[in-house]
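So you can see what is in the structure, the chains are spelled out below.
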Amino acid sequence: YIERALAALAGVAYTQLHQVSELAHRTEDMRVPQLSHIGLLELSVTRVSLQLRHAILARNAQELEATLADIADKRKTVAGAMEGLGQGMFDDEGRQAFVPLQGLVNEFWKVGEENLRLIQDGKKDEAFAFLVDRAIPARNKILAVLDGEKKRQSQRLSLTINEVKSLAAADRNIAVAVMVLVVACLSGLGWYLRAVVRDLYEPVQGAQVMALAFSG
């Protein structure tokens, strides 16, 4: 019975440790990168809107060119982050959350291109009004969706961490139970061996006493 109990405890502990490992890998490979993609998207989209404003305020062609180059670079960054975020949506809820985001990003770039045309045509007043009325609201729609997804991902991450903690605590309790069982077994074995030795020694001791009595 003791061997079966130890084997059962060991089996449960192994299963739970495997679950902890799986959850840790899932967190490392999925949850954390997704939050990273979201953060990068938030930063890049915000930076583009600020650069549109900077393009309106550019004092010369060199400043405008540098600003446009940075916007083009951020567009590549957004595309990469969007691809990573979309590929990392491994459940239906995540995929549904991602569906409207691509459309909002496309609309943001469409509005941004119109804004840039006004800037390049030298229509700075119209460009600033367009930025306030169209580009910034388009950006804010993206940020709102990203904020909701960030909260969802963060909640899932917290649930995963709590599950890992729970499994780790259960493994610790199993380890303690195994140690207690082993100690109890060793104590019982020690008591049994002492009893056996005592039972064997007492007849021998009695024979020695009788032998001494007869010899006297």
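Residues numbered from 1 in each chain as written. Predicted model: local features only at pLDDT ≥ 70, side-chain atom pairs only at ≥ 80, totals over all residues. Heavy atoms only, no water.

**Observations regarding the pattern of salt bridges**
According to the stated counting rule, one finds 8 salt bridges in the structure shown. The partner of Glu113 in a salt bridge is Arg75, with the nearest N and O atoms 2.8 Å apart. Of this pair, Glu113 sits in helix α3 (residues 92-120) while Arg75 sits in helix α2 (residues 61-87), and the two are 38 residues apart along the sequence. You can call Glu113 partly exposed: its relative accessible area is 34%. The exposure class assigned to Arg75 is partly exposed, which follows from its relative accessible area of 36%. (Salt bridge = Lys/Arg side-chain N within 4 Å of Asp/Glu carboxyl O. Helix = DSSP H or I, 4+ residues; strand = E, 2+ residues; numbered from the N terminus. Buried < 20%, exposed > 50% of the residue type's maximum accessible area, 1.4 Å probe, protein only.)

**Some remarks on the nonpolar core**
With 31 residues, the main nonpolar core has Leu85 and Leu101 as its most contacted residues. Elements supplying a minimum of two residues to this core: α1 (2-56), α2, α3 and α4 (124-215). Ranked by residue count, the leading element in this core is α3, at 9 residues. (Core = buried A, V, L, I, M, F, W, Y, C linked by side-chain atoms within 4.5 Å.)

**Quick word on the packing of α2 against α3**
Contact geometry for α2 and α3: axes closest at 12 Å, N-to-C directions at 170°. Relative to α3, the element α2 is oriented roughly antiparallel. Of the residues in α3, those in contact with Leu64, Leu68, Ile71, Arg75, Val78, Met82, Leu85 and Gly86 of α2 are Phe98, Leu101, Gln102, Val105, Trp109, Glu113, Leu116, Ile119 and Gln120. Taken together, the residues of the contact of α2 with α3 sort by class into 12 nonpolar, 3 polar and 2 charged. (Axes fitted to C-alpha atoms, helices over the stretch in contact; angles between N-to-C directions. Parallel < 35°, antiparallel > 145°, perpendicular 65-115°, else oblique. Contact = heavy atoms within 4.5 Å. Nonpolar A, V, L, I, M, F, W, Y, C, P; charged D, E, K, R; others polar.)

**Comments concerning the confidence of the model for the protein chain**
Per-chain confidence: the protein chain averages 77 in pLDDT, with 59% of residues scoring 70 or above. Averaged over each element, pLDDT in the protein chain is lowest for α4 (71) and highest for α2 (93). (pLDDT = per-residue confidence, 0-100.)

**A short note on the packing of aromatic side chains**
Applying the stated criterion to the full structure yields 1 aromatic pair. Summarising the aromatic geometry, the rings of Phe108 and Trp109 are spaced 5.4 Å apart at their centres and angled 55° between planes, so their arrangement reads as tilted. Here Phe108 matches Trp109 in class, with each residue buried. (Phe/Tyr/Trp six-rings, centres within 6.5 Å; stacked < 30°, edge-to-face > 60°.)

**With respect to α2**
Between the first and last C-alpha of α2 there are 39 Å, a value that for 27 residues agrees with the 39 Å anticipated at 1.5 Å per step. Among the residues making up α2, those that are buried are Glu63, Leu64, Thr67, Asp70, Ile71, Lys74, Val78, Ala81, Met82, Gly84 and Leu85. Two to three positions downstream of the cap, the backbone nitrogen of Gln62 sits 3.1 Å from a side-chain oxygen, assigning the N-cap of α2 to Asn60. (Expected span 1.5 Å × (residues − 1). Polar contact = N/O pair within 3.5 Å; in protein donor to acceptor, adjacent residues only side chain to side chain.)

**A word on the environment of Gln102**
Summarising the element assignment, Gln102 is placed in helix α3. As for Gln102 and Ile142, which are separated by 40 residues in sequence, their C-alpha atoms are 9.1 Å apart.

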